[in-house]
Amino acid sequence: MKRQQGMTAIGVLVVLALIAFFTLLVLRLAPPYLENFNVSTSLKSLQQEVGIKDKSSGEIRNLLQRRLEINDVTNVKKENVTISKDAKSGLLKVAVAYEVRVHIMLNIDAVVVFSESIEVATR
């Protein structure tokens, strides 16, 4: 045994602990990102809605809320949705900004902030 090769048991445990930690991170953070994908697709489908420019802010909010319920989005509340109509530029802007707090382990949490928006020409 002139030259020893390989890792010690402690080295293997450290590598396994790192792999387990990053796997835990991915498993805990994947659902909020998948939910944000559903928010994004709901907004894009709202952009394709026929006659969206003629609807009031409340009607647009209800349309979006229904789409979010169908896609099982639970972290977006009514107060997270902002709808604005600009008469000068002729744009309708629908924005969704929210944050999700995810428990990682013990007293460690991760806060993930999302912001999605679309613009529709009203002219």
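The subject of this paragraph is the overall build of the chain. Assigned secondary structure in the chain consists of two helices and three strands. Each helix and strand of the chain, placed in order from N terminus to C terminus, yields the pattern α-α-β-β-β. Its C-alpha radius of gyration of 22 Å places the chain more than 25% over the 14 Å reference for a compact globule of 123 residues. For the C-alpha atoms alone, the extent of the chain along its principal axes is close to 80 × 30 × 25 Å. The 123 residues of the chain split such that 28% are buried. Long-range contacts, defined as pairs at least 24 residues apart, comprise 53% of the intrachain contacts of the chain with a sequence gap of at least 6. Counting every atom, the chain has about 8,700 Å² of accessible surface; 58% of that belongs to carbon and sulfur. Each charge sign in the chain was given a centre, from 16 positive and 12 negative side chains, and these centres are 6 Å apart.

Once that is clear, we can look at helix 2 (residues 57–70). With 14 residues, helix 2 extends 20 Å from end C-alpha to end C-alpha; this agrees with the ideal 20 Å at 1.5 Å per step. Ile 60, Leu 63, Leu 64, Gln 65, Arg 67 and Leu 68 are the residues of helix 2 that are buried. Its buried side turned inward, helix 2 meets helix 1 (9–47), strand 1 (81–86) and strand 2 (91–105).

Looking along a regular strand, one sees the side chains alternate between the two faces of the sheet. As paired elements, strand 2 and strand 3 (residues 108–121) share 14 bridges and run antiparallel to each other. Bridge pairing links Val 94 to Ile 118 in strand 3.

Looking at where Asn 36 falls in the secondary structure, it is placed in helix 1. For Asn 36, the contacting residues outside a window of four places in its chain are Tyr 98, Phe 114 and Glu 116.

What follows is about the nonpolar core. Judged by nonpolar contacts, the single largest core of 24 residues is most densely connected at Val 39, Leu 46, Leu 64, Val 76, Val 94 and Val 96. For this core, the secondary-structure elements that each account for two or more residues are helix 1, helix 2, strand 1, strand 2 and strand 3. When residues no more than four places from it in sequence are discounted, the contact partners of Val 39 are Leu 68, Val 73, Val 76, Val 96, Tyr 98 and Glu 116.

Right, let's talk about the packing of aromatic side chains for a bit. Following the criterion strictly, the structure yields three aromatic pairs and no others. On the numbers, 5.2 Å between centres and 85 degrees between planes, the contact of Tyr 33 with Phe 114 is edge-to-face. Taken as a pair, Tyr 33 in helix 1 and Phe 114 in strand 3 lie far apart in primary sequence, 81 residues in all. For Phe 114, a relative accessible area of 6% gives the class buried. Ring pairs connect the aromatic residues Tyr 33, Tyr 98 and Phe 114, which therefore count as one cluster.

About the thresholds
- Residues numbered from 1 in each chain as written.
- Predicted model: local features only at pLDDT ≥ 70, side-chain atom pairs only at ≥ 80, totals over all residues.
- Heavy atoms only, no water.
- Helix = DSSP H or I, 4+ residues; strand = E, 2+ residues; numbered from the N terminus.
- Rg over C-alpha atoms; globule rule 2.2 N^0.38 Å.
- Buried < 20%, exposed > 50% of the residue type's maximum accessible area, 1.4 Å probe, protein only.
- Contact = heavy atoms within 4.5 Å.
- Areas by Shrake-Rupley, 256 points an atom, 1.4 Å probe, with all protein chains shown as cover.
- Lys, Arg positive; Asp, Glu negative; His and termini not counted.
- Charge placed at Lys NZ, Arg CZ, Asp CG, Glu CD.
- Expected span 1.5 Å × (residues − 1).
- Pairing = 2+ DSSP bridges.
- Core = buried A, V, L, I, M, F, W, Y, C linked by side-chain atoms within 4.5 Å.
- Phe/Tyr/Trp six-rings, centres within 6.5 Å; stacked < 30°, edge-to-face > 60°.

Taken by themselves, the reported measurements are silent on function.
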